Amino acid sequence: MRSFLPSSLFLKKACLFMALFYCGMLWAQQRIKGQVLDALDNTPLMGVSVYFDGTSIGTITDESGIFELPLAQKINAALVVSYLGYETRSITDLQNLSKGFTAKIYLEEEAVALDEVVLEPDTWSRERKYRLFKRAFLGEDTAAQRTKILNPEVLRFYYNKQTATLYAYASAPLKIQNKHLGYLMRYALIDFELSFFKDTVQNEWPQEYISYYSGTSFFTPLTIQTKSKHAKNRAKAYEGSTLQFMRSIMLGQFEKNGFKLYYNKKELPWEAVFSLNQEEEFLKVTQEIPRITILHKRKQSIMEAVSGPFFLDGLGNFAPANRLSFGGYMGSKRVAAMLPLDYGIE
């Protein structure tokens, strides 16, 4: 663990490094171009959704299966290629798409899967399972109260009585209307597990033991021009968020953005907590203290380094996602409180 205070000269150099790194990632823009084809007969696929996961950066293919997208250099988010009836592809290596020629992307038809055989009877009603799913998935805050899943019929649930665990599956991407933040989100659910303390499962609202979900998401605004109430709510959601915190790491702007870091009830300078190195196209961040407390205007969060360093891109997106765990305020935020990763970046 590092416990030194860097000199003012070091601070100036560190801030300059991060500012140059951040600006380079935002403004060194390219365009990527590709063609989406049926893997069986090479037929161009029209209307395929192509987007960077977790952002509002996306498009659809034309009649020739062609798409073009702006690419902020050094972006961590996967490029998702999704079409009804076909297996979704997530592309993390974008080199072939950004070399100035049209790369071909092949989609395979989705296999028709039979429903799983359930050995144990599921004693919970769909209404109860859906209610508990929404609480864990959307959240319980103001944003969640004004957020609605428009196509709940694509969801299937199974409750395992032996493990007190609720599972959810989706046959198509969820369409989520968020009237609080002014977005329509398309969320392709990959996994969902919600475990309860067994002695509380008879309660109307069982106590959650652990929840986990994963998927890809794409945001589109509900209105062409951003309404003032949506702009205000987005700014409020951004304050103290994981996204703002990660951007604060990039620029060393913890004090400016109102973040304070603590370990054993002692406030620490960020330089004692994080070491930063530019590695290839990303900012490599090593958390020197495995578990820290983050305070932001009376909102308290816990950030735990699960394994190894993580990497930041110019949007503030960190990867791999499983190397960090959050608790408290940041950990309580769910899908309804999510902002696109490109929020606030023109």
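Analysis parameters
- Residues numbered from 1 in each chain as written.
- Predicted model: local features only at pLDDT ≥ 70, side-chain atom pairs only at ≥ 80, totals over all residues.
- Heavy atoms only, no water.
- Helix = DSSP H or I, 4+ residues; strand = E, 2+ residues; numbered from the N terminus.
- Buried < 20%, exposed > 50% of the residue type's maximum accessible area, 1.4 Å probe, protein only.
- Contact = heavy atoms within 4.5 Å.
- Areas by Shrake-Rupley, 256 points an atom, 1.4 Å probe, with all protein chains shown as cover.
- Pairing = 2+ DSSP bridges.
- Axes fitted to C-alpha atoms, helices over the stretch in contact; angles between N-to-C directions.
- Expected span 1.5 Å × (residues − 1).
- Patch = residues over 30% accessible without salt bridge, like charges linked within 9 Å, V, L, I, M, F, W, Y side chains within 5 Å.
- Salt bridge = Lys/Arg side-chain N within 4 Å of Asp/Glu carboxyl O.
- Core = buried A, V, L, I, M, F, W, Y, C linked by side-chain atoms within 4.5 Å.
- pLDDT = per-residue confidence, 0-100.
- Lys, Arg positive; Asp, Glu negative; His and termini not counted.
- Charge placed at Lys NZ, Arg CZ, Asp CG, Glu CD.
- Phe/Tyr/Trp six-rings, centres within 6.5 Å; stacked < 30°, edge-to-face > 60°.
- Lys NZ or Arg CZ within 6 Å of the ring centre and 35° of its normal.

### Structural notes on the overall build of the protein
Next, step 1: From N to C terminus, the protein includes seven helices and 22 strands.
Next, step 2: Counting the 346 residues in the protein, one finds 45% classified as buried.
Next, step 3: Of the contacts made within the protein by residues no fewer than 6 positions apart, 65% connect residues no fewer than 24 positions apart.
Next, step 4: For the protein, the accessible surface area stands at approximately 18900 Å², while carbon and sulfur atoms represent 51% of it.

### Overview of the pairing of strand E19 (residues 299-305)
Next, step 1: In the sheet, strand E18 (residues 291-296) pairs with E19 via six bridges, with the strands oriented antiparallel. By the bridge assignment for E19, histidine 296 is matched with lysine 299.
Next, step 2: Following E18, the chain reverses through two residues before pairing antiparallel with E19; lysine 297 in that reversal takes a positive phi of roughly 50°.
Next, step 3: Where E19 meets strand E22 (residues 324-327), four bridges bridge the pair, whose relative direction is antiparallel. Following the sheet pairing, methionine 303 is matched in E22 by phenylalanine 326.

### A look at the sheet that holds strand E2 (residues 49-52)
Next, step 1: With antiparallel pairing, four strands are arranged side by side in an open sheet as E3-E2-E5-E6. On the outer flanks of this sheet lie strand E3 (58-60) and strand E6 (89-91), each paired with one strand and no other. Between one strand and the next, the sheet's axes are offset by a mean angle of 15°, whatever the strand orientation.
Next, step 2: Across three bridges, strand E5 (residues 79-82) lies against E6 in antiparallel orientation.

### With respect to helix H2 (residues 126-138)
Because the α-helix completes a turn every 3.6 residues, residues three or four places apart line up on one side.
Next, step 1: For H2, built from 13 residues, the straight-helix expectation of 18 Å at 1.5 Å per residue is met to within 8% by its first-to-last C-alpha distance of 17 Å.
Next, step 2: Residues Arg128, Lys129, Tyr130, Arg131, Leu132, Phe133, Arg135, Ala136, Phe137 and Leu138 constitute the buried set of H2.
Next, step 3: Directly beyond the C-terminal end of H2, a positive phi value near 105° is found at glycine 139.

### A few points about the environment of phenylalanine 219
Next, step 1: Of note, phenylalanine 219 is situated in strand E13 (residues 208-221).
Next, step 2: When the C-alpha positions of phenylalanine 219 and aspartate 53 are compared, they lie 9.2 Å apart, and in sequence the two are 166 residues distant.
Next, step 3: Beyond its immediate sequence surroundings of up to four residues, phenylalanine 219 is in contact with Gly54, Thr55, Ser56, Tyr183, Leu184, Met185, Met338, Leu339 and Pro340.

### Points about a nonpolar patch on the surface
Next, step 1: Together, Leu150, Leu184 and Leu222 make up an exposed nonpolar region whose accessible area comes to about 210 Å².
Next, step 2: For leucine 150, a relative accessible area of 42% gives the class partly exposed.

### A few points about the pattern of salt bridges
Next, step 1: According to the stated counting rule, one finds eight salt bridges in the structure shown.
Next, step 2: Close ionic contact of aspartate 122 with lysine 129 constitutes a salt bridge, the shortest N to O distance being 2.7 Å.

### Things to note about the nonpolar core
Next, step 1: Phe52, Leu79, Phe133, Phe137, Leu174, Ile176 and Phe192 are the most contacted members of the largest nonpolar core, which has 59 residues in total.
Next, step 2: When residues in this core are grouped by element, the largest group, seven residues, is from strand E12 (residues 183-196).
Next, step 3: Among residues more than four places away in sequence, those in contact with isoleucine 176 are Phe137, Leu138, Thr147, Lys148, Ile149, Tyr183, Leu184, Met185, Tyr187 and Val335.
Next, step 4: Judged by nonpolar contacts, the second largest core, of 24 residues, contains Phe245, Leu261, Leu268 and Trp270.

### Focus on the confidence of the model for the protein
Next, step 1: For the protein, the mean per-residue pLDDT works out to 87, and 86% of the residues sit at or above 70.
Next, step 2: Overall, residues 1-28 carries pLDDT values under 50, and its contacts beyond four positions in sequence, including any with other chains, amount to 45 contacts.

### Some points on a positive patch on the surface
Next, step 1: There is a patch of like positive charges on the surface, built from Lys134, Arg146, Lys148, Lys179, Lys227 and Lys229.
Next, step 2: Within the secondary structure, lysine 229 sits in helix H4 (residues 228-238).

### Quick look at the packing of aromatic side chains
Next, step 1: All chains considered together, the criterion is met by 20 aromatic pairs.
Next, step 2: When the centroid spacing of 5.3 Å and the interplanar angle of 75° are considered together, the rings of phenylalanine 137 and tyrosine 213 count as edge-to-face. Of this pair, phenylalanine 137 sits in helix H2 while tyrosine 213 sits in strand E13, and the two are 76 residues apart along the sequence.
Next, step 3: Relative accessible area serves as the criterion here: at 21%, tyrosine 213 is assigned to the partly exposed category.
Next, step 4: Taken together, a centroid distance of 5.6 Å and an interplanar angle of 70° make the contact between phenylalanine 245 and phenylalanine 254 edge-to-face.
Next, step 5: For phenylalanine 254, a relative accessible area of 4% puts it in the buried group.
Next, step 6: A cation sits over an aromatic face here: arginine 234 above tyrosine 183, 4.0 Å from the ring centre.

### Digging into the sheet that holds strand E20 (residues 310-312)
Next, step 1: In spatial order, the strands read E16-E17-E20-E21; together these four strands make up an open sheet with antiparallel pairing. Sheet topology places strand E16 (274-279) and strand E21 (318-319) at the edges, where each strand pairs with a single neighbour.
Next, step 2: With three bridges connecting them, strand E17 (residues 282-287) and E20 associate as antiparallel partners. What sits directly across from valine 285, in E20, is phenylalanine 310.

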